[in-house]
Amino acid sequence: MTHSELARSLEGNFTSHHADVNGVRLHYVTGGQGEPLVLLGGWPQTWWQFHKIMPTLARDYRVIAVDLRGMGGSSKPPTGYDKKTMAQDIHELVRHLGHETVNIAGHDIGAMVAQSFAANHPETTRKVVLLDVYHPDETFTAMTLLPSPAQHVDGDITAGSAPYLWWFTFNQVRGLPEKLLQGRTREMFDSIFDQMLHDPASIDSATRQVYARAYDSPDAIRAGNAWYQAFHQDIEDAKGYGPLAVPVLVLGGEHSIFSVLAAVMPGKGRDVRVAEVKGSGHYLPEEQPETVARHLAGFFG
């Protein structure tokens, strides 16, 4: 299905659009009425990762689900994958759509961009929600190349004090992933989803195929990896950010990195709340959509 067909399949009169902002062409899907709420997804997904919560949120908000620079229906330029530049993309999109301020929620890479948006554009940010990831900082350097014994034996890559996110390393390699993965993205993504979901069935085969098709080209693989290759720049940028001035809600999966988020995030802002989503791994909006939608509505309301 095309992005337009996927958008039309949702309740809430969602439609698919493009906008040229900040030197990049961004794809976004919008629907609903009310205050604007921007949703930013992550790797290896697209705006579609919010499809289970978008109709509910659209009852009270103007939902704007965006494909980030390099994702899905957006263009995939050779540069600009640091989160500060990507936050500027979203800021210019918000202005293009005529909004002075927005609520913003991001998952995974989208959470990094959402946090950067709040840090660099506080005047445009009402409130921000981060889903199971935070902006790269020096804590990222504690991740190891080898899994702990428990992670290696049991296959639980989130066990222990530091998760074993092996694709962080794989995605740093330049040129090779494009050659290895084209035509095989589904196999890699299935492995990651099955490791990071508490209930693997919560992302069904049809949705997995949407994501596999979105990344099954050399440019798409290169662009998605570039988000990870920009982490060193992101860490340097974060050193210049003070505590976030806007209210922040952080949601972490019970079977993901909640303990890490609870340790790191309270020091990142003046008003930071951290909550655990029971019965969920990393992919909160798809694994526990009702809980996530309830948290977002309560926080933004």
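The structure displayed is predicted, hence computed values, not measured ones.

What counts and how
- Residues numbered from 1 in each chain as written.
- Predicted model: local features only at pLDDT ≥ 70, side-chain atom pairs only at ≥ 80, totals over all residues.
- Heavy atoms only, no water.
- Pairing = 2+ DSSP bridges.
- Helix = DSSP H or I, 4+ residues; strand = E, 2+ residues; numbered from the N terminus.
- Axes fitted to C-alpha atoms, helices over the stretch in contact; angles between N-to-C directions.
- Contact = heavy atoms within 4.5 Å.
- Core = buried A, V, L, I, M, F, W, Y, C linked by side-chain atoms within 4.5 Å.
- Buried < 20%, exposed > 50% of the residue type's maximum accessible area, 1.4 Å probe, protein only.
- 1 Å grid on protein atoms, 1.4 Å probe; cavity = no way out; pocket = protein on both sides within 12 Å on 5 of 7 lines; lining within 4 Å.
- Points joined across faces, edges and corners; volume = space filled by probe spheres on them.
- Salt bridge = Lys/Arg side-chain N within 4 Å of Asp/Glu carboxyl O.

> Lay out the sheet that holds strand 2 (residues 24-31) with the relevant residues and their values.
Reading across the sheet, the 8 strands line up as 1-2-4-3-5-6-7-8 and stay open at both edges, with mixed pairing between neighbours. Pairing within the sheet leaves two strands with one partner each, and these edge strands are strand 1 (15-21) and strand 8 (272-277). With strand direction ignored, the average angle separating the axes of adjacent strands in the sheet is 20°. Here 4 bridges tie strand 6 (residues 125-131) to strand 7 (residues 248-253), and the two strands are oriented parallel to one another. Bridging across to strand 7, Leu131 finds its partner in Leu251. Seen against the sheet, helix 4 (residues 109-120) touches strand 3 (35-40), strand 5 (102-107) and strand 6 and runs at an angle of roughly 145° to strand 5. Set on the sheet, helix 14 (residues 289-300) makes contact with strand 3, strand 4 (61-67), strand 5, strand 6, strand 7 and strand 8; between it and strand 6 the angle comes to about 155°.

> Tell me about the nonpolar core, and name the residues and values.
If you look at the biggest cluster of nonpolar residues, it comprises 96 residues, and the most contacted ones within it are Leu39, Trp43, Met54, Ile90, Trp167 and Trp227. In terms of residue count, helix 4 provides more of this core than any other element does, 7 residues in total. Dropping the residues within four chain positions of it, Met54 is found in contact with Leu10, Phe14, Val29, Leu39, Trp47, Val63 and Ala65.

> Before we move on, could you go through empty space enclosed by the protein and cite the residues and values that matter?
In the structure shown here, the tally under the stated rule is 1 cavity of 30 Å³ or more. Around the largest cavity, the lining residues are Trp43, Leu181, Thr185, Phe189, Tyr215, Ala220, Ile221 and Asn225. The set of elements that each furnish at least two residues to the lining of the largest cavity consists of helix 8 (185-196) and helix 10 (218-229).

> Describe the pattern of salt bridges, with residues and values.
A complete count under the given rule lists 13 salt bridges for this structure. The residue Arg69 makes a salt bridge to Asp89 at a minimum N-O spacing of 2.8 Å. Here Arg69 is found in the loop between strand 4 and helix 3 (83-96), whereas its partner Asp89 is found in helix 3, with 20 residues between them in sequence. Each of the two residues, Arg69 as well as Asp89, counts as buried. When the shortest N-O distance is used, the salt bridge between Lys83 and Asp234 registers 2.6 Å. One end of the pair, Lys83, is in helix 3; the other, Asp234, is in helix 11 (residues 231-238), and 151 residues separate them in sequence. The pair formed by Lys83 and Asp234 is uniform in burial state, with each residue classed as buried.

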